[in-house]
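Overview (structure and organization)
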Amino acid sequence: MKRPYIICHMVTSLDGKVIGDYLKVERAAYFTDIYEKIHPRYESKAWMCGRVTMEEHFTLGHKLDLIHEDTPPISRTDYVANKNATSYAIAVDPSGRLGWTESSIESWNEHRTDGHIVEVLTEQVSDAYLSHLKKIGVSYIFGGKEQLNFTVVVEKLKNLFSIDKIMLEGGGFLNGSFLNEGLIDELSLILVPIADGASNSVTLFETSPFLNKTKPVNFFLKEVKKLDDSGLWLKYVTK
Ligand SMILES: NC(=O)c1ccc[n+]([C@@H]2O[C@H](COP(=O)([O-])OP(=O)(O)OC[C@H]3O[C@@H](n4cnc5c(N)ncnc54)[C@H](OP(=O)(O)O)[C@@H]3O)[C@@H](O)[C@H]2O)c1
């Protein structure tokens, strides 16, 4: 395959929500823990999240104070700071908004290793942001001039970093982008036996102004495992 094998690994409520009050219910913690435990079973050296998820969990809304005036123009070519990392944390951040201060995300539980950060950008990003990423040793790749083409992105990840498998780990807008481009090979879904009930929270696959709704995509059951406390781990493939 020209591109990596892509597994979308997620937790949802019975009504398909990836966020919401159901995650604050006490019994939900068991399922988010199982989600983390399952992650290494796929033996993938790369995981990917959208800008919103990265901001919420890792940069915690930190804003960079960049000096724009004095930055010389930087060519829009991919930058590989580390091609031998044991793990890669790939951040989809089209306009360069994430306030990274280090080149890797530290392991936050025994199931995750430190991940070298790779930013996925469009060419609209500022020179000052590129200069900052280079300074702190974050890798970056371009996925398009104004809009991202994820087929190009994943092929670059394979060619530049030898990534053969990616765990696509949300949120719903990023998952929806991959669904749109027919890039999901497998779905690993931890189904939490709680109905959230909200009508306005993010679901497993979303659309947006920058994303047309895709045609319905068929999934085929590969395996189903009963979890404790009425949960399920569902594995589906698309081919
Ligand atoms: N239940 C789970 O398993 C799970 C897993 C992961 C995350 N989450 C939750 O999901 C929530 C966030 O989900 P989300 O769907 O709102 O956000 P997201 O997918 O994390 O990030 C969306 C952002 O990524 C960029 N992006 C994604 N697709 C793009 C495309 N095709 N073209 C250009 N840019 C694109 C855009 O950034 P810009 O806005 O900068 O343009 C977009 O706003 C968080 O609360 C997180 O905790 C849940």
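Below: a short report on this structure.

Each value, and the rule that gives it
Residues numbered from 1 in each chain as written. Predicted model: local features only at pLDDT ≥ 70, side-chain atom pairs only at ≥ 80, totals over all residues. Heavy atoms only, no water. Near = heavy atom within 4 Å. Polar contact = N/O pair within 3.5 Å; in protein donor to acceptor, adjacent residues only side chain to side chain. Areas by Shrake-Rupley, 256 points an atom, 1.4 Å probe, with all protein chains shown as cover. Nonpolar A, V, L, I, M, F, W, Y, C, P; charged D, E, K, R; others polar. Buried < 20%, exposed > 50% of the residue type's maximum accessible area, 1.4 Å probe, protein only. Helix = DSSP H or I, 4+ residues; strand = E, 2+ residues; numbered from the N terminus. Pairing = 2+ DSSP bridges. Salt bridge = Lys/Arg side-chain N within 4 Å of Asp/Glu carboxyl O.

Close contacts around the ligand come from 24 residues, with Val11, Arg51, Thr53, Glu56 and Phe173 the closest. At a separation of 2.9 Å, a nitrogen atom of the ligand approaches a polar backbone atom of Val18. Separating an oxygen atom of the ligand from a backbone N or O atom of Gly172 is a distance of 2.9 Å. In isolation the ligand has 930 Å² of accessible area, and contact with the protein removes 87% of it. The residue makeup of the shell around the ligand, split by class, is 13 nonpolar, seven polar and four charged.

This brings us to the pairing of strand β8 (residues 186-191). Within β8, six of the six residues are buried, which leaves it mostly tucked inside the rest of the structure. Of the two faces of β8, the one carrying Glu186, Ser188 and Ile190 and the one carrying Leu187, Leu189 and Leu191 are both buried. As paired elements, strand β1 (residues 5-12) and β8 share six bridges and run parallel to each other. Residue pairing across strands places Val11 opposite Ile190, the latter belonging to β8.

Here we take up the pattern of salt bridges. For the coordinates displayed, the defined rule picks out 17 salt bridges. Taking the shortest distance from any N to any O, the salt bridge between Glu55 and Arg51 comes out at 2.6 Å. Highlighted residues: Glu55 and Arg51, both in helix α2 (residues 51-59), separated by four residues, approximately one helical turn. Glu55 sits in the buried class, given a relative accessible area of 15%. Glu169 is the partner of Arg112 in a salt bridge, and the nearest nitrogen-oxygen pair spans 3.1 Å. Of this pair, Arg112 sits in the loop between β4 (104-105) and β5 (115-121) while Glu169 sits in the loop between β7 (165-168) and α5 (172-180), and the two are 57 residues apart along the sequence. Given the relative accessible area of 6%, Arg112 is considered buried. Relative accessible area serves as the criterion here: at 7%, Glu169 is assigned to the buried category. Taken together, the shared-partner salt bridges connect Arg3, Asp185 and Lys239 into one network.

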